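# Observations on chain architecture
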Amino acid sequence: MASNYKTIVKDGLWDNNGVFSMLLGMCPAMAMTTSATNGFGMGVATAVVMAASSLLVAVFRGFITQEVRIPVFILIVAAMVTLVDLAMNAWMHELYKVLGLFIPLIVSNCLPLARLEAFAAKQPALPSFLDGLFMGLGFTIALTVIGAVREITGNGTLFADASLLLGPAFKAIEMRILPANMGVLMMILPPGGFLVTGLLVVVKRMIDLRAGKEIQMGGAHSVA
Amino acid sequence: MSKTHIHGVILGTFCLGFGLVLAITDQLTADDIAARALEDRQNSLSQVIPDGIHDNNLVTDTFMIKDAAAREITVYRARSNGKVTGVAYEIHGTGYAGDIKLMMGIDADGKLLGVRVLAHRETPGLGDKIEVKKGDWILRFTGLSLGNPPPERWKVKKDGGEFDQFAGATITPRGVVGAIRGGLDFFAANKARLMETN
């Protein structure tokens, strides 16, 4: 069982990474990654929703029949997103002002749905929860890296405005890598999202090839 | 019960269950969310109307007025010793990704006391420099009025006006400048009513 959990962690973070291996969640992965901070915020919000909805689907999996599973999954994801949205608005208002913009977008991300279908619908609660959590964290890492590359090349900064999202203590990680006006604006615009995401997918596959791993192709779980 | 019915019942039960959870959460959070919204309004009002010019509570001293498009506008009044020293109201501009909601404060002479963005959906990293947290562009408007700069210069530089656009984002500042211009026109058209003491 222990090796099973290890696989879940490795799959989520690297081997079967939602963005770089499965090529899922492309919309937020490209739209929300104009900076590392934005990518990180979107990733964390997604990870919370994924962990919660995977757990719920795993708990209720005995009651969800094959025929209605997709509407029920969507219902659960949408409900979790709304809960997170309301709770953050009420009790974490400062954070909500920064992240609030991203949260409704999680509903349209097909990565949570894919994990519910491929994993949580067939597995017990704890592994499902971990799968949702680590897939979400893998998504967070991917979005942060894409955001960082785009921010450095496009704006010359790294983790700009991180203190707005994470609190004043994180002022220290706000960095300027390139002098102002050195950035290539296109990298922050939509084309930059495609370029960086594509290049990082290549980089990830090259690393996997070097390590002699078999490459997991996108859409391996046949979810649109 | 046929198989189809069972599926319907299952789906319906889940809808009911999660609907209930959402309704309860909505109830639980409604008061807090309303309180946060009020705090936000108070904050944004205090940013566009300096404390020095009023001795009343801005959030509660309001009245409604219709603008040229017959939209209801809530006007917040600043008073000192009963006399109206300034007003604040929400204005709307059209940005790159929809409506930009702003609050502007204006003194009795029609001079801008300040403008702040309340809500927008502009591109993070590009259009969001209109927020005071991410740039001081919006501070540029303080002290300006309909005659300063002249009306035909109330545009972004790209359109032959006075105000900077952002690299990679022209539509956002254009929408904001247009909205402020509209807000100033609204003040000029309704000045008598806005300055009434009751």
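Residues numbered from 1 in each chain as written. Chains lettered and ligands numbered in written order. Predicted model: local features only at pLDDT ≥ 70, side-chain atom pairs only at ≥ 80, totals over all residues.

### Quick look at the overall build of chain B
Scanning chain B from N- to C-terminus turns up two helices and five strands. Helices and strands in chain B line up, N terminus first, as α-β-β-β-β-β-α. Here the C-alpha radius of gyration of chain B, 22 Å, is well above what a compact globule of 198 residues would show, namely 16 Å. In terms of principal-axis extent, the alpha carbons of chain B reach across some 75 × 45 × 30 Å. Counting every position in chain B, which comprises 198 residues, the buried fraction comes to 30%. Within chain B, contacts between residues at least 6 apart in sequence are counted, and of these 48% link residues at least 24 apart. (Helix = DSSP H or I, 4+ residues; strand = E, 2+ residues; numbered from the N terminus. Rg over C-alpha atoms; globule rule 2.2 N^0.38 Å. Buried ≥ 20, exposed ≤ 12 C-beta atoms within 10 Å, placed from the backbone. Contact = placed C-beta atoms within 7 Å.)

### Some thoughts on the overall build of chain A
The helix and strand tally for chain A stands at nine helices and two strands. Along chain A, helices and strands appear, N-terminal first, in the series α-α-α-α-α-α-α-β-α-β-α. For 224 residues, the compact-globule formula gives about 17 Å, and the C-alpha radius of gyration of chain A, at 18 Å, lands near that figure. Put simply, chain A has 224 residues, and 49% of those count as buried. Put simply, 77% of the contacts in chain A that link residues at least 6 apart link residues at least 24 apart.

### Here's the deal with the packing of helix H3 (residues 36-60) of chain A against helix H6 (residues 110-120) of chain A
Residues and elements named next belong to chain A. Where H3 meets H6, the closest approach of the two axes is 10 Å, and the angle between their N-to-C directions is 35°. The element H3 and its partner H6 pack so that their crossing is right-handed. Across the interface between the two elements, Val-49, Met-50, Ser-53, Ser-54, Val-57 and Ala-58 of H3 pack against Pro-112, Arg-115, Leu-116, Phe-119 and Ala-120 of H6. A per-class count over the contact of H3 with H6 returns eight nonpolar, two polar and one charged. (Axes fitted to C-alpha atoms, helices over the stretch in contact; angles between N-to-C directions. Left-handed = near helix turned anticlockwise from the far one by under 90°. Nonpolar A, V, L, I, M, F, W, Y, C, P; charged D, E, K, R; others polar.)

### A closer look at the interface of chain B and chain A
Counting residues at the interface gives 23 residues for chain B and 28 residues for chain A. Taken together, the residues that form the side of chain B that touches chain A break down as 11 nonpolar, six polar and six charged.

### Description of helix H9 (residues 190-210) of chain A
Between the first and last C-alpha of H9(A) there are 31 Å, a value that for 21 residues agrees with the 30 Å anticipated at 1.5 Å per step. Where H9(A) ends, the next residue or the one after it, Gly212(A), has phi of about 75°, a positive value. (Expected span 1.5 Å × (residues − 1).)

### Overview of the sheet that holds strand E5 (residues 112-119) of chain B
All names here are of chain B. Reading across from one edge, E1-E2-E3-E4-E5 is the order of the five strands in this open sheet, with antiparallel pairing throughout. Of all the strands in the sheet, just strand E1 (62-66) and E5 have a single pairing partner and so form its edges. Between one strand axis and the next, the sheet turns by 30° as a mean value, whatever way the strands run. Bridge analysis of strand E2 (residues 72-80) against strand E3 (residues 83-95) gives six bridges, and the strand direction is antiparallel. Counterpart to Arg-79 in the pairing with E3 is Val-84. (Pairing = 2+ DSSP bridges.)

### A short note on the pairing of E2(B)
All names here are of chain B. Relative to E2, E1 runs antiparallel, the two being bridged by five bridges. Bridging from a neighbouring strand, Thr-62 pairs with Tyr-76 of E2. Connecting E1 to the next strand, E2, in antiparallel fashion are five residues, including Ala-70 with a positive phi near 65°. Linking E2 back to E3 in an antiparallel pair, the connection comprises two residues, with Asn-81 at a positive phi of about 50°.

### Some points on the pairing of E3(B)
Residues and elements named next belong to chain B. Bridging between E3 and strand E4 (residues 98-107) involves 10 bridges; their strand directions are antiparallel. Note that in E4 the partner of Val-87 across the bridge is Ile-106. The loop that links E3 with its antiparallel partner E4 comprises two residues.

### Points about the nonpolar core
Residues and elements named next belong to chain A. By size, the foremost hydrophobic cluster in this structure holds 65 residues, and its most contacted members are Ala-45, Val-49 and Ala-142. Counting residues per element, the ones that place at least two in this core are helix H2 (26-31), H3, helix H4 (69-91), helix H5 (93-99), H6 and helix H7 (125-155). Beyond its immediate chain neighbours, meaning those up to four positions away, Val-49 contacts Val-77, Met-80, Val-81, Val-84, Ile-106 and Pro-112. (Core = buried A, V, L, I, M, F, W, Y, C linked by C-beta atoms within 7 Å.)

### Remarks on the environment of Ala121(A)
Residue and element names in this part refer to chain A. If you trace the backbone, Ala-121 turns up in the loop between H6 and H7. Of the residues examined, Ala-121 has 19 C-beta atoms within 10 Å and is grouped as partly exposed. For the pair Ala-121 and Gly-62, spaced 59 residues apart in the sequence, the C-alpha separation amounts to 8.7 Å.

### Brief notes about the confidence of the model for chain A
Residues and elements named next belong to chain A. When pLDDT is averaged across chain A, the result is 87; 93% of the residues are at 70 or more. When mean pLDDT is compared element by element in chain A, H7 scores highest at 94, while H5 scores lowest at 78. Counted against residues more than four places away or in other chains, residues 219-224, with its pLDDT under 50, gives 10 contacts. (pLDDT = per-residue confidence, 0-100.)

### Digging into the confidence of the model for chain B
Here chain B shows a mean pLDDT of 90. Residues at 70 or above account for 98%. For this predicted complex, the interface score ipTM comes out at 0.77, while the overall pTM is 0.77.

### What about the packing of H3(A) against H4(A)?
All names here are of chain A. Look at H3 against H4: their axes get within 9 Å of each other, and the N-to-C directions meet at 135°. Accordingly, the angle class assigned to the pair H3 and H4 is oblique. Once H3 is placed against H4, the crossing between them reads as right-handed. Side by side, H3 and H4 meet where Ala-45, Val-48, Val-49, Ala-52, Ser-53, Leu-56 and Val-57 of the first sit next to Phe-73, Ile-76, Val-77, Met-80, Val-81 and Val-84 of the second. Broken down by class, the residue content of the contact of H3 with H4 amounts to 12 nonpolar, one polar and no charged. (Parallel < 35°, antiparallel > 145°, perpendicular 65-115°, else oblique.)

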